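Single-letter residue listing:
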Amino acid sequence: MTVEDIMKKLEAMGSEQTKKTFLRHGAQEPLFGVKVGDLKKLVKDVKKDQALARALYETGNSDAMYLAGLTVNPKTMDRETLQAWAKRANWYLLAEYTVAGVAAESPYALELAREWMQSSDEMIAACGWSTYANYISITQDEDLDLEEIRRLLQQIAATIHSEKNRVRYTMNMFVIVIGSYVRPLHEEAVQVAEAIGKVQVHMGQTACKVPDAVPYIEKTVAAGKLGTRKKTCIC
């Protein structure tokens, strides 16, 4: 199967309604408007060819780029390719989900997360915070740098409301992840969530809302899932 074969399949799967929805969320052309559930129908075939998976990202087509993230083996990704992927992620779905998920399961998760979080580029910084949060969601407490995470929580408490739009969103999600996954820092994360309160994020022409951190964390605890890790953060 070639890139051209996959692009034809994606075009056939796309719809104008889904495309319009993605564009309202901040997607940029080119894209066909393929639902993520439909993209997953192609995962099995593309995973067999890792060169194909990487080539799909290089097309610059948003649907193909997302499919690349679902099919590439993160353990085989080199630092330079991950950097290139982050630079090409031109809207939040690619930056905060596709690239962040792959980077979080790569050998360069922490070093890239730390670097990206300091970026002046909104999408790259958001990608960095999401990468670190995703890494935490699949990593046991004993393997985390709890002091670093504690410092990041305090940084969020002090700066979140003055950060760029999507950085505010991913910082808020970072607090939720710490409160939901990291038992030793659960109480501190809840305190930070209470301190920052409602986080204002412009969500474009959509009805999407920013999760309130405290209730979100409380639901996790009530469900008995505090500290329960995910097997993968790629979805």
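Structure report, in brief.

Thresholds applied
Residues numbered from 1 in each chain as written. Predicted model: local features only at pLDDT ≥ 70, side-chain atom pairs only at ≥ 80, totals over all residues. Heavy atoms only, no water. Salt bridge = Lys/Arg side-chain N within 4 Å of Asp/Glu carboxyl O. Helix = DSSP H or I, 4+ residues; strand = E, 2+ residues; numbered from the N terminus. Buried < 20%, exposed > 50% of the residue type's maximum accessible area, 1.4 Å probe, protein only. 1 Å grid on protein atoms, 1.4 Å probe; cavity = no way out; pocket = protein on both sides within 12 Å on 5 of 7 lines; lining within 4 Å. Points joined across faces, edges and corners; volume = space filled by probe spheres on them. Nonpolar A, V, L, I, M, F, W, Y, C, P; charged D, E, K, R; others polar. Axes fitted to C-alpha atoms, helices over the stretch in contact; angles between N-to-C directions. Parallel < 35°, antiparallel > 145°, perpendicular 65-115°, else oblique. Left-handed = near helix turned anticlockwise from the far one by under 90°. Contact = heavy atoms within 4.5 Å. Core = buried A, V, L, I, M, F, W, Y, C linked by side-chain atoms within 4.5 Å.

**Quick look at the pattern of salt bridges**
Evaluated as defined, the whole model comprises 13 salt bridges. As a salt-bridge pair, Lys19 and Glu29 come within 3.1 Å of each other at their nearest N and O atoms. Of the two residues, Lys19 sits in helix α2 (residues 16–24) while Glu29 sits in the loop between α2 and α3 (36–39), which places them 10 residues apart along the sequence. Relative accessible area serves as the criterion here: at 15%, Lys19 is assigned to the buried category. Exposure remark for Glu29: the relative accessible area of 47% places this residue in the partly exposed category. A salt bridge links Lys48 to Asp45, with the shortest nitrogen-to-oxygen separation between them at 4.0 Å. Among the residues examined, Asp45 registers a relative accessible area of 35% and is labelled partly exposed.

**Quick look at the layout of surface pockets**
One number sums up the size of the largest pocket: a volume of about 550 Å³. Lining the largest pocket are 21 residues, with Asn134, Met173, Val177, Tyr181 and Lys230 positioned closest to its centre. Counting residues per element, the lining of the largest pocket draws most heavily on helix α12 (residues 165–181), at 7 residues. Class assignment for the residues of the lining of the largest pocket results in 11 nonpolar, 7 polar and 3 charged.

**Section: the packing of α12 against helix α14 (residues 213–222)**
As a packed pair, α12 and α14 sit with axes 9 Å apart at the nearest point and diverge in direction by 30°. Here α12 is positioned roughly parallel relative to α14, judged by the angle of their axes. As α12 packs across α14, the resulting crossing turns out to be right-handed. Taken together, the residues of α14 that come into contact with α12 (itself represented by Asn172, Val175, Ile176, Gly179 and Ser180) are Ala213, Tyr216, Ile217 and Thr220.

**Overview of the nonpolar core**
Membership of the largest hydrophobic core comes to 42 residues, with the highest contact counts inside it found for Leu10, Leu56, Leu67, Trp85, Val99 and Trp116. Within the residue set of this core, elements represented by two or more residues are α1 (3–13), α4 (43–47), α5 (50–58), α6 (62–71), α7 (79–88), α8 (92–104), α9 (109–117) and α10 (122–137). In terms of residue count, the dominant contributor to this core is α8 (7 residues). Once you skip the residues sitting within four places of it in the chain, Trp116 turns out to touch Leu82, Gln83, Ala86, Val99, Ala103, Ile124, Ala125, Cys127, Gly128 and Thr131.

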